Amino acid sequence: MHIHFNDEPLQCPDNLTLAKLLEQLRLLKPGVALAINQTIVPREKWETHLLHDGDHILLFQAIAGG
Amino acid sequence: MNDTDFMRYSRQLLLEDIALEGQQKLLASKVLIVGLGGLGSPAALYLAAAGVGTLVLADDDSVHISNLQRQILFTSDDLEQPKSQVAQRHLQRLNPDIKLQVIGERLAGEVLNQAVKNTDLVLDCSDNMATRQAVNAACVAHNKPLISASAVGFGGQLMVLTPPWETGCYRCVWPDEHEPERNCRTAGIIGPVVGVMGTLQALEAIKLLSGMAPATGTLRLFDARQHSWRSLAMQKAANCPVCGGLDAHPL
């Protein structure tokens, strides 16, 4: 299926969970949050949440400065 | 309100959304500002100017010359002096009619707990994840609205978090206390970026306190390079140790 990851097109297998995708991209690390189609998906759901064709995924880092 | 108040606040009294009723709510409000850096500077200036009746100014730091590029509360005359006390003096000159209280230490534990308990609204203008997590937990425990912002480099983040936490809390988005490697000291910051974020905290605070609908339930990401914003809908994490389960409120 086709998804968009941080605004770039990406081809990935069907029945892929968010956690598996991030593992494959080597981006599963602390201090990051993720939204699918402009809705934040809490970390506790990453293991089970299945991606869908056409999903727009945004992965971003915590900012704590000020 | 007296005649001076009517003149001082005349330009915001003109706004139908604020008017006399909203101004009186502002004057009766108490806001805790956690951190007097690049976010806290514009936030405190605007809230003092707008007539928020009591500001509690918390910071454990002194003014350093490297702060002056963005922390617009301070001048070159203030170097090495405690930020909270300099801020109190400066803000009192701006608006002699409001109350300014000072907490000259890093907010944690019982001092944080009491400060949050005794306020109407909290602005998190701090510079580290540990403080941000502790402030969020205290706000949820005491059911106090929290306006949280942060900035580094050319990026900023903003959340308005309000009881009953239907769209979650700070920890629902950031479940670990991992301290980001990039901060203003290590990765740099440009003044207006942190200024925009602190200014928006003041704006949302004025809206919330005067009775307007604040921009809740959304995490806003600011990209200053592109000058673009993303708005992301927040979701409560069912197992959030702070706002999620029955065992929440770990204070």
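About the criteria used
- Residues numbered from 1 in each chain as written.
- Chains lettered and ligands numbered in written order.
- Predicted model: local features only at pLDDT ≥ 70, side-chain atom pairs only at ≥ 80, totals over all residues.
- Helix = DSSP H or I, 4+ residues; strand = E, 2+ residues; numbered from the N terminus.
- Rg over C-alpha atoms; globule rule 2.2 N^0.38 Å.
- Buried ≥ 20, exposed ≤ 12 C-beta atoms within 10 Å, placed from the backbone.
- Contact = placed C-beta atoms within 7 Å.
- Core = buried A, V, L, I, M, F, W, Y, C linked by C-beta atoms within 7 Å.
- Axes fitted to C-alpha atoms, helices over the stretch in contact; angles between N-to-C directions.
- Parallel < 35°, antiparallel > 145°, perpendicular 65-115°, else oblique.
- Nonpolar A, V, L, I, M, F, W, Y, C, P; charged D, E, K, R; others polar.

**Some remarks on the overall build of chain B**
Counting secondary structure elements, chain B contains ten helices and eight strands. The C-alpha radius of gyration of chain B comes to 17 Å, within 12% of the 18 Å expected for a compact globule of 251 residues. C-alpha extents for chain B along the principal axes are approximately 50 × 40 × 40 Å. Per-residue burial for chain B yields a buried fraction of 47% across its 251 residues. A separation of at least 24 residues holds for 70% of the contacts in chain B among residues at least 6 apart in sequence.

**Quick look at the nonpolar core**
Residues and elements named next belong to chain B. If you look at the biggest cluster of nonpolar residues, it comprises 84 residues, and the most contacted ones within it are Ile33, Ala44, Leu47, Leu55 and Ala205. Among the elements that line this core, the one with the most residues is helix α10 (residues 191-210), at nine residues. For Leu47, the contacting residues outside a window of four places in its chain are Val31, Val52, Leu55, Ala202 and Ala205.

**Re unusual backbone geometry**
The step from B:Pro163 to B:Pro164 runs through a cis peptide bond, and the omega angle for that step is 5°. In this fold, B:Pro164 is placed in the loop between β6 (155-161) and α8 (170-173). Look at A:Asp7: it is not a glycine, yet its phi comes out positive at around 75°. Along the polypeptide, A:Asp7 turns up in the loop between β1 (2-5) and β2 (8-11). Taking the C-beta count within 10 Å as the criterion, A:Asp7 has 8 such neighbours and is therefore assigned exposed. Backbone geometry places B:Ala19, a non-glycine residue, at a positive phi of 50°. Secondary-structure assignment places B:Ala19 in helix α3 (residues 19-27).

**Remarks on the packing of α3(B) against α10(B)**
Residue and element names in this part refer to chain B. Where α3 meets α10, the closest approach of the two axes is 8 Å, and the angle between their N-to-C directions is 110°. Judged on the interaxial angle alone, α10 and α3 are roughly perpendicular. The segment α3 lies against α10, with Gly22, Lys25 and Leu26 engaging Ile206, Leu209 and Ser210. Taken together, the residues that form the contact of α3 with α10 break down as three nonpolar, two polar and one charged.

**Some points on the interface of chain B and chain A**
How big an interface is tends to be reported as the loss of accessible area on association of its parts. Contact with chain B, which involves 38 residues of that partner, is made by 17 residues of chain A. At the level of elements, α7 (129-141), β5 (146-152), β6, α8, β7 (218-223) and β8 (228-233) of chain B are the ones that each hand at least two residues to the side of chain B that touches chain A. When residues in the side of chain B that touches chain A are grouped by element, the largest group, four residues, is from β5(B). Of the residues in the side of chain B that touches chain A, the class split is 21 nonpolar, 13 polar and four charged.

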